[in-house]
Amino acid sequence: MRARLEGILARYGQDAVLTDRETGGERRVRAFVQPVLKKREDLPAQATALGAVSRERWLYIGGGSQSLRAGDGVACGGLRLVVQEARSVPWGGGTLYWWALLRKEKEKAV
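Residues numbered from 1 in each chain as written. Predicted model: local features only at pLDDT ≥ 70, side-chain atom pairs only at ≥ 80, totals over all residues. Heavy atoms only, no water.

## So, the pattern of salt bridges
Turning to step 1, where the next piece is worked out: Within the structure shown, the criterion is met by eight salt bridges.
Turning to step 2, where the next piece is worked out: Where Arg30 meets Asp15, a salt bridge forms, and the shortest distance between an N and an O atom there is 2.8 Å. Of the two residues, Arg30 sits in strand S2 (residues 26-35) while Asp15 sits in strand S1 (residues 14-19), which places them 15 residues apart along the sequence.
Turning to step 3, where the next piece is worked out: Of the residues examined, Asp15 reaches a relative accessible area of 55% and is grouped as exposed.
Turning to step 4, where the next piece is worked out: Of the charged contacts, one joins Glu85 and Arg87 as a salt bridge, the two residues approaching to 2.6 Å between their closest N and O atoms.
Turning to step 5, where the next piece is worked out: Connected through shared salt-bridge partners, Asp20, Arg21, Glu22, Arg69 and Asp72 make up one network. (Salt bridge = Lys/Arg side-chain N within 4 Å of Asp/Glu carboxyl O. Helix = DSSP H or I, 4+ residues; strand = E, 2+ residues; numbered from the N terminus. Buried < 20%, exposed > 50% of the residue type's maximum accessible area, 1.4 Å probe, protein only.)

What follows is the structure, encoded as structure tokens:
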């Protein structure tokens, strides 16, 4: 099953670069990175006491050998994203794939 999933990622996945939040080390991977779909009527932002907060999110599905944690970076297709939440999907005593919810990286102050 793992070999089949890796083959699918290699053939149909997108090129992405994972950046470790602590070390800054980068790893090139093949993964699926897609926007999370929502109803057209939904506004792209939610009002809070501190202002509007974007609800734009992306879904990440990547191979089991490339672990992710909250705060890690994902660069794909010109987007700079940050892992908000990540989970491994177990299978056969190991990890079959990684699932993550991503958000846009905040711009740094100049």
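## Quick notes on the sheet that holds S2
Turning to step 1, where the next piece is worked out: Pairing in this closed barrel of six strands is antiparallel, and the strands run S1-S2-S5-S8-S7-S6 around the ring. With direction set aside, neighbouring strand axes in the sheet form an average angle of 40 degrees.
Turning to step 2, where the next piece is worked out: In terms of strand pairing, S1 meets S2 through six bridges, oriented antiparallel. Along S2, the bridge assignment pairs Leu18 with Arg27.
Turning to step 3, where the next piece is worked out: Along the sheet, helix H1 (residues 2-12) contacts S1, S2, strand S5 (58-63), strand S7 (79-91) and strand S8 (94-104); its crossing angle with S2, the most-contacted strand, is approximately 80 degrees. (Pairing = 2+ DSSP bridges. Axes fitted to C-alpha atoms, helices over the stretch in contact; angles between N-to-C directions. Contact = heavy atoms within 4.5 Å.)

## Focus on the pairing of S2
Turning to step 1, where the next piece is worked out: From the end of S1 to the start of S2, which pair antiparallel, there are six residues, and Gly24 there has a positive phi angle of about 80 degrees.
Turning to step 2, where the next piece is worked out: With five bridges connecting them, S2 and S5 associate as antiparallel partners. In the strand pairing of S5, Phe32 is matched with Ile61.

Any functional reading would require information beyond the geometric quantities listed.
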